[in-house]
Each structure stands twice: as structure tokens, then as C-alpha cells.
Amino acid sequence: MSVLYEASAPPRPRGSLASALRARLEGDVRDDAQARAVYALDASNFRQVPRLVVLPRSEADVVATVALCRAFGVPITCRGGGTALAGQTVGSGVVIDFSRHMDAVLHVDPERKLARVQPGVILDVLRARTREHGLWFGPDPATHSRCTLGGMIGNNSCGVHSILAGRTVDNVRRLKVVTSEGDVFWVGTADEATDPALVRRIAPLRALRDELGDAIRARYPRIPRRVSGYNLDELLPEQGFHLARSLVGSEGTCVVVVEAELELVPYPSKRALVVVGYPSVYEAADHVVAIREAGPIGLEGIDATLVRLLHQEGGHEDAVASLPEGDGWLFVEVGGETDDEVRAGTERVCEAVRRSDPDVHLAVLTDEADQERLWKVREAGLAVTATTDGQEAFPGWEDSAVPPERLSEYLRALRDLFGKYGYEAALYGHFGDGCVHCRITFDLHTADGIARFEAFQREAAELVVSLGGSLSGEHGDGQQRAQLLPLMFGDDVVEGFHRFKEIWDPVGLLNPGKVVDPPPVTRHLKFGPGHEGRDPGATAFHWSRDSFRWAVGRCVGVGACRRVEGGIMCPSYKATRAEEHSTRGRAHLLDEMMRGDPVSQGWRDPAVEGALDLCLSCKGCKTECPMGVDMAKMKAEFLHHRYQGRLRPRDAYTLGLIPVWARLARLAPEAVNAAMAAPGLGSALKWAAGMSPRRQAPRFAPRTFRSWWRSRPVRAGGEPVVLWVDTWTEHFRPEVGIAAVEVLERTGHRVVPVDRPVCCGRPLYEHGMLGTAKRWMGQSCDAVLGMDVPADANVVFLEPSCHATFRDELPDLFPGDRDKLALRSRIRTLGEQLADRDLPMDLHGRDIVLHGHCHQRAGTGIEAEGHVLARLGADVHPLDDGCCGMAGTFGYAPHRVDLSIAIGRDQGFLPAMERAARHTALVVDGFSCGTQLTDQTARRPLHLAQALLLGPGRPGTAEDQVPSAPGASWRRIALTAAAAVAGVGIVVGAWRRWRTA
């Protein structure tokens, strides 16, 4: 079946498949190395480089793609979010990605409780549309923020609430499909079939059902979570001979789904969470059946290993600390329409818990935020278990399922099997449905390790089957478990799978090698001997385990960076919806760069540079990626190697070296400002600087902060604190530094600015100038360490990106320098420094909108700033409004201006600021965020230091109530005038020489 039947195909067109597709399709057709590389991997252990990638815009595009692939004899693999764990969404032919364009919710019918969607729509997007009607699509896997409905249908996805709503197959009404022969029709039940191309398939399907009916009834386990194999049981008379549901879970091997009609269920608007602690995960499993009888809507389990791994990763500390005593836990969710319903359901669950074990420890959470924190612990399982006790852990036996009443027996036997093979794994999952998740420390890098992996898989499969379970309870078979299906179903039913596929896909075009006719599990493994790739060589940064390759490999493909709403990451993906501009896509490109094919030019490969060019280095991934993939750091490392011994783009020497040019500009700041604003001349200067003429150049202050500081009397007394005077505070907004000095002195501090110009090197990182950045960072650290202040004096930062550089980059540049690492422990934002101080200011009556710089939100957060403002009586509105889009020097480049502005506008930052009333103070600490705001709106942002000095609310515009920047001295004015006259003389002289030449 994996071989195409050329006899039934139409004549092959002339030319290449790519050119034929481009001539016919409205959507994108890509056969470049970048696209082939990012689609070669998903979240599984497998890798297959596609021939090309299609991003269709319409059903017509899909039909044309199928027809041309059939004519050229090239197989098709369909893909949604690309989070498959069994290798279903990688293939060597054409990959069709529906998530870019075919992502619409077409219709919601609340009366009939139905929704019609395109395959690329994200589950959370659908739920947002249906929740307003009190409805939702029941299945909800942990990837709900980025998984697509097409992928869920292909995989028969389940999730936390399958105990209430069942699997995807239980919630599908009809499917609109394209067959490999080019037929297009809606599929529902057999009784609804009218299209001739569908009707002619009914007789062979009925014959298959009649022949294998008894075997299907005998071999298909009657458990909540049977996902393995095709849904031939849906063809049985007692199931209504439901054709659409028989196709759910077929992993794109039978038809291509272009629309789906889904059944919706009432959304339980009120919820509570009962968390129960047991001595072990096995005893937790012992009580699942009794608790399930109390009617919860979700029943999950986790073990002590998962919690320990969360501790090691340093995440979710508050949530983990709130777990009741125990080494195994059940999360029991109760839902209802009213508080009384939830209260009654909670009492039933607690009674069932105590009846089954009177000595158990439990906690009842009714606050929505507390519940969300605990659920994030459960959702973190897939990523946090990717490394177990320092060893890589992999999927491969990650979602087996057994009858819930045999779950405890299975967990104990599975743990014994781990011991036999020397494996480690955390155990967690959908215990109410008997489904167990785990990533296991297989050795997939050596021939012996892979052989042991295969032996384990077979023995584990035999164990599951002996308990009446399913090889897969959620993630499907793909090319991971398909070769084991005869153990579960028998040879006759597996032969029935072949016949089922052939009825729908007689030419074998669709996703060959998945479910039926699988290749050996080792054929497409992305690991193993021969897959080590190139050694990246010495690196500028220190990387975990001293390996850049290992750091890149931390991306396991879960795709959290592909969500389109909320959070920090990934601004460029949200704007472009292109896989190569997600953190995952960039990590996959770096991985392929080290493999050498199809990304073949190493550190200088344009495919990698093109993807990294639109990375804003926002650091959102460092915090929000479950694996902590730090793409900002990887981008800097790549650019460091990319331009070693070569000239860099112009903006690297202008914007990247802005501290140098700012020190020169201080001699005549007004002349520089006038030149940059002058028609014609300003545009030419911006072009020379690699800066878009559409951008306003930041204005240099007429007087620097240090000039102001030297002119004021020295104030003694108070707790000493070092003020880090960054480039922006020194040269562009000294009023912020002045306000910070006043605030700190009012709160009992003795302010000591760093006594010479310093720079953390942040602009240099964005251009990969890591040698210079390290030198500047080292000199700046030495400047602070050499100051005449107590060794434990805090260092206060006003610019969030400088603070983040000390927090994140310093230990990676100076991993063995104890003095510099000790300095890192002293850094504070202004909000952090003031958080526990007496504040002799008053902001009652003030309305404040608080926006956090991405580096701030990805690191310390903005809670301290919000807390300080609220303590003074202000009405504070923190924003989760997305990235501003400027990102340091990112938004100044001519080819990135449109994207930068689109990010700021479409992801909420600019609209939120424009909506604020004129009397509302807009607190924006980041200099780049502020420049985007002033560049695109008429509003003027304030720094926290300035906002603290506003005083109680009074009529007028808030930003006009703040002292302006210090004026220039007579000496500065004279120098500026002289510089201007000299500049004009030079220009005039050059013009005259040109005229006479």
C-alpha cells in the first residue's frame, strides 16, 4: 500500500511538481531548504525531510494539490500544529500545512450545538467562539493553545475532560473530505450518503464490517481510551455504521479533511479542584474507580518524580508547595452551572475519597487562579519530563491505556519493566480513563540502545494487551507503534486495516507508512549512529552541558511557541504564522544546520539567518517555552559565528555601537538632533546608519545625566545604593535618572551612580558582536566592583533590558568568575528596590496603565512595580498586551519596520495605550517600548520613577505633569553652535570642491 499505483494515475504533467503547484495554487508552495528543514521534524522521535511544503488557502488548493501529487506519484502528509508524538506529521513527499491559512471557524449553531470549522483552526480559538454560547468542544489535550482541529481529528485526541466528553471521535458529526482520487464530499452516517463517489464505498465497507464484525467485537478493548488502530468498530450496526467517525484517528492515511462539523457540549462555567495526596502513585491509582463514580469532569494523576523534576527546573514552586502531603496525587475536577452544583459535587468527591481511604490528605481549591496554577503543573508534564535526572527522555511508550480498574496493577508492572531495562520515567496522565503518560530514558543514540528500546516496546505492548488495554490511549500509532498492532488486534483485523485504507485511498497516496505497512521503527529515527552531525566548535557563550547542540536539542517540539494569543512568545510567529518564525522552527533549523542537509552551509546558511532575522530577542521563550529554549541567546551565538572575519550590516556598527556614538554626540546633541530631523539630510543619515527613514531618530538630551549629577551638591547619609546609568538614561532620557535619584533619596537611600560610562552590551548581542559585548560587560562589572561602596550594596537598574543582560548573559559569558557572579545577586529593578520600603509619596486618584518590557515580563515580571504603585493609592492596570514590536534596534531596520509596527498594533500594545484616557499615566520602563509608543502615537510614556513623583490625581494630561529633561548649560549651547557652524562649513566646502572638480 505504500507504493503508488501508477496505472490509475493521470498522465504526468511536464515540468516539476513545484512549478505545477505554483501555477495552480493560490496558497504558498515552498521547496526551499528552510521550509523543508522546519517541516522535517515534529514532536516525535522521527525525521523525514519533505520534498516540498504546501500552505493552502482554500479547498480548491487542496483538491489541486492532491491531483498533482497523484499525477507525479508523490505522497501527501497532512499537518496541523505539528505536535504529533508518533511521527504522523512528517513525510518525505508533500507536507500540507493547514494551520497558516485554512484556520477559520466557519459557523456556530448554538441551538443544534454544532460548529463547522476548517482543519487549521486552533482549539482555543474555537472554544473562545463557542464559550459565549455556554458551549465548548469537549476534548481538550494539554496542547489546546496550539493544536488544530484537523490534527485532533486525525489523531482522535482526548485530553483532561475526556471523562466527561469522550474522545474526538465521540464529538464529530460530519467531515468534508478530499480523496486521493480527487472526489470531494461530506461524510456522515451511511444513511446520509448521497454522493456517488461515497456511495460506491459503502458496499465494500459493509462487506469488511460483516466479515470482521466478530473479531472487532472480540479484539477491540472496551475501555475509555482506545485510540490505536482504525475505528472499524464505528462500522458496526450497534454504532450506527458511522462513516465519518470510522475515519477519525486515521492519521491522514485515508482522506484529507477540509471541513468538519463538530458536536458541542455545555460548558461547566463553575469549577472546583480537589487535590488528593497518597503515599505513592500506585495507591492513588487504587482509588480511581471509586472517585470516578462520584461524577467528576476530570480525573488526573501525577507521581513524585514529576514533582521532583519541576523542583529541579525551578518552575511552578508556589503550585507545587500547595500540594497536600504525599508522593502521588489525583487532581479531581468538579463542574457545574451554579456554585451550589459545584459545592454538592465537591462534597460527593470528598466523601468518595475519604470512604476509600480515611487517612488521605486533600485540598479543595475554589479560586480560579489557584486551580489554574495546579493545572499548569499537570500540563508541564510533557516538557519537564524530557530530561529525567540528567538523562534525555523520549516518547515511544508515552500514552498506553488500560481499564481504569487495572491501572494500579499496570503502573506497578510498568515500573518493574523500567527497572528490568534500566530506564527511568515519571508517571502521570488521565488516570480516570486509565491512560498513562511518560517519557522514558531510552538510549536512542547507540545501536545497542536502540535494540533494547525495540525489545522494551514489544514487552510493554504484551503487558498492555494482557491487561485488556490499548497501545495508544491518545497520541496514535503513526510509525512508532504501528508494527505492534498485530499483538493487540491479531493479523486478521490488521489485514482489515489494509483493506479499509485501500477502500478510501486505492492509490496509496496518503501518509504512507503510518498505521499500516509501517517501516521498521528504526528507519526514520532522528537519533542513532550516523546522525551526530557536525561539531559546532567553540562557542562564545557557555551552554548547558557545554554543548550548543544539546541546548538546541532541548526543543522537543511541543509547540507552545505557536499559540496565537496571550503571553510573550513568540511575537514574530503571531504576526507571520510561519513555522520558521516560531521558536520551535528556529530551533529545528539550527538542529538541521548541524546535520548538514538540507541546511548545508553551517553558520553561514541563509535559511537559518533568514529565520533568526525576525527573532525579536524578546526572551519570552526562555520563560514560556516549557523547555526554556533561549532563542535570543542562540541568535546571538549564530550571528557571532556568521560574521566572524566578515563585514556586518551597517546597523551593527551604528545601532549596535550606540554607546560610542552617543558619547560623541554629547559634544553637540542639538546639532545631531537637527541633522537627523532635517528633510533630505536626515533620510540620508538614517540610510547610512541602516535605519528606516520612516522612523524618528531618538533625540539626544541637551544635557547628560552625569553633567546634571556633577552640578548638584553631594548628599550624605542613608543606605548606599549603586545607580546603573545606562546609555539611554545618560544620553536620551536623563530626566528618568533624575527622577530615580529623587525617589531613592526620599526613601532613605544614598545614591551613588557608577562613576564612569558603562554598558551591559545589550545592543551588541542583537548583532552577535559577542567579543565586544563581553569586553564591555567585563569593564562595566569591574567599574561597579571597584566603587567605594559596601560589597553588598544593591545595584539599581532603570532599563529592563540592561537588568536582563546581567541576569541572563553575565553567567553565560563569565561562568567561572565568582566576583562577577556575586555582583549578579545584587541587581535590582527600581520596583524591586522599593518593594519593602516606606514610600513618602501619594498617588491617590491616579489612574495608571502599566506595561512591562518583554525582558522584564520574561524575567522578574512587573509585580513589584504594580505593588509599589498600588501601595501609594494608584489604580493600576497591568497589561498582558503583547510585545511593543520595537525590541531594541529590531524595529529600526528598513525591512522590519512594517512587521515591527504590526506587532505593536495587532498584538495589543499600541491600541491599549491609545485607548487610555488622557489623564491616565502610561508607565513604560523600557526605552524601546517608549520609542515605539512616541513614534506611532501622540502619547508620551513615563518611567516608574517619574510616575512615583506625579502626586495625587489632578485634572490634565498625566505626562505633562512630569518635570522635563534638564536644559543645556551655556557652555553646551556654545559647543553646539560651534559644532553646527563647523559642520556647515565642512558641507559647504565639500560642495564647492565638487562643483569645481
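Residues numbered from 1 in each chain as written. Predicted model: local features only at pLDDT ≥ 70, side-chain atom pairs only at ≥ 80, totals over all residues. Heavy atoms only, no water.

A. Geometry of the overall build of the protein chain. From N to C terminus, the protein chain includes 44 helices and 26 strands. Relative to a compact globule of 997 residues, whose C-alpha radius of gyration would be 30 Å, the protein chain shows 31 Å and is just as compact. Overall size of the protein chain, expressed as C-alpha extent along the three principal axes, is 100 × 80 × 60 Å. Of all 997 residues assigned to the protein chain, the portion counted as buried reaches 63%. (Helix = DSSP H or I, 4+ residues; strand = E, 2+ residues; numbered from the N terminus. Rg over C-alpha atoms; globule rule 2.2 N^0.38 Å. Buried < 20%, exposed > 50% of the residue type's maximum accessible area, 1.4 Å probe, protein only.)

B. Representation of unusual backbone geometry within the structure. Omega for the peptide link from Met-569 to Cys-570 comes to -10 degrees, which places this bond in the cis form. As for its placement among the helices and strands, Cys-570 is situated in the loop between helix H20 (548–552) and helix H21 (571–576). For the bond running from Asp-597 to Pro-598, omega is 10 degrees, close enough to zero to count as cis. Its location among the elements puts Pro-598 in the loop between helix H22 (583–595) and helix H23 (606–613).

C. Expanded view of the side chain of Thr-576. Turning to its location among the elements, Thr-576 is positioned in helix H21. Setting aside residues up to four positions removed in sequence, Thr-576 forms contacts with Arg-100, His-581 and Leu-899. (Contact = heavy atoms within 4.5 Å.)

D. Just the sheet that holds strand S25 (residues 875–878), in detail. Spatially, S25-S24-S26 is the arrangement adopted by the three strands of the open sheet, whose pairing is parallel. At either margin of the open sheet sits one strand with a lone partner, and together these are S25 and strand S26 (921–924). Along the sheet, successive strands turn relative to each other by an average axial angle of 25 degrees, direction set aside. Pairing of strand S24 (residues 847–851) with S25, which is carried by four bridges, proceeds in the parallel orientation. Each residue of the ladder has a partner; that of Val-849, found in S25, is His-877. (Pairing = 2+ DSSP bridges. Axes fitted to C-alpha atoms, helices over the stretch in contact; angles between N-to-C directions.)

E. Representation of the packing of helix H16 (residues 407–421) against helix H17 (residues 447–466) within the structure. Axis separation between H16 and H17 bottoms out at 11 Å; the angle between their running directions is 160 degrees. Relative to H17, the element H16 is oriented roughly antiparallel. Helix-helix and strand crossings are classified by hand; for H16 and H17 the assignment is right-handed. Here Tyr-410, Ala-413, Leu-414, Leu-417, Phe-418, Lys-420 and Tyr-421 of H16 come into contact with H17, specifically with Arg-452, Ala-455, Phe-456, Glu-459, Ala-460, Leu-463 and Val-464. Taken together, the residues of the contact of H16 with H17 break down into 11 nonpolar, no polar and three charged. (Parallel < 35°, antiparallel > 145°, perpendicular 65-115°, else oblique. Left-handed = near helix turned anticlockwise from the far one by under 90°. Nonpolar A, V, L, I, M, F, W, Y, C, P; charged D, E, K, R; others polar.)

F. Looking closely at the pairing of strand S10 (residues 256–263). Taken across its eight residues, S10 has seven buried, putting it largely inside the fold. By the bridge criterion, six bridges tie strand S8 (residues 172–178) to S10 in an arrangement that is antiparallel. The residue of S10 that forms the bridge with Val-178 is Val-256.

G. Summary view of the confidence of the model for the protein chain. Chain-level statistics for the protein chain give a pLDDT mean of 92 and a share of 95% at 70 or above. Long-range and interchain partners of residues 1–9, a stretch whose pLDDT sits below 50, account for 20 contacts in this model, where long-range means more than four residues apart. The low-confidence segment residues 993–997, where pLDDT is below 50, has zero contacts with residues more than four positions distant or belonging to other chains. (pLDDT = per-residue confidence, 0-100.)

H. Inspection of the packing of aromatic side chains at higher detail. All told, the structure shown has 30 aromatic pairs when counted by the stated rule. Put simply, the rings of Tyr-220, Tyr-230, Phe-489, Phe-497, Phe-500 and Trp-504 pair up and form one aromatic cluster. The lysine or arginine in question, Arg-174, covers the ring of Trp-186, its NZ or CZ lying 4.3 Å from the ring centre. Sitting over the ring of Trp-687, Arg-650 keeps its end group 4.4 Å from the ring centre. (Phe/Tyr/Trp six-rings, centres within 6.5 Å; stacked < 30°, edge-to-face > 60°. Lys NZ or Arg CZ within 6 Å of the ring centre and 35° of its normal.)

I. Structural view of the nonpolar core. Counting 110 residues, the largest nonpolar core has Leu-175, Trp-397, Phe-456, Phe-497 and Phe-500 as the members making the most contacts within it. Those residues within four positions of Leu-175 in sequence are excluded, and the remaining contacts are Ile-153, Phe-185, Trp-186, Val-187, Ala-244, Leu-247, Val-248, Val-257, Glu-259 and Ala-260. Listed in part, the 74 residues of the second largest apolar core include Val-556, Val-558, Trp-603 and Val-629. (Core = buried A, V, L, I, M, F, W, Y, C linked by side-chain atoms within 4.5 Å.)

J. Spotlight on helix H25 (residues 631–642). Along its 12 residues, H25 runs 16 Å from first to last C-alpha, staying within 8% of the 16 Å computed at 1.5 Å per residue. Of all 12 residues making up H25, 12 are buried, and the element is well covered by its neighbours. When H25 is considered as a whole, its buried residues turn out to be Met-631, Ala-632, Lys-633, Met-634, Lys-635, Ala-636, Glu-637, Phe-638, Leu-639, His-640, His-641 and Arg-642. (Expected span 1.5 Å × (residues − 1).)

K. Expanded view of the environment of Leu-205. Following the sequence through the fold, Leu-205 ends up in helix H7 (residues 196–219). For Leu-205, the residues in contact, after removing those within four places along its chain, are Leu-235, Phe-241, Leu-243, Phe-500, Ile-503 and Trp-504.

L. Seen up close, the packing of H22 against H25. The geometry of H22 relative to H25 is characterised by a closest axis approach of 11 Å and an angle of 40 degrees between their N-to-C directions. The two elements H22 and H25 cross, and the hand of that crossing is left-handed. Between H22 and H25, the contacting residues are Thr-583, Arg-586, Ala-587, Leu-590 and Met-593 on the first element and Met-631, Met-634 and Phe-638 on the second. Of the residues assigned to the contact of H22 with H25, the class counts are six nonpolar, one polar and one charged.

M. Examining H22 more closely. Taking 1.5 Å as the rise per residue, H22 with 13 residues should run 18 Å; its terminal C-alpha atoms sit 19 Å apart, in good agreement. Burial of H22 is extensive: 13 of the 13 residues sit out of reach of the surface. Remark: Gly-596 follows H22 within two positions and exhibits a positive phi of approximately 95 degrees.

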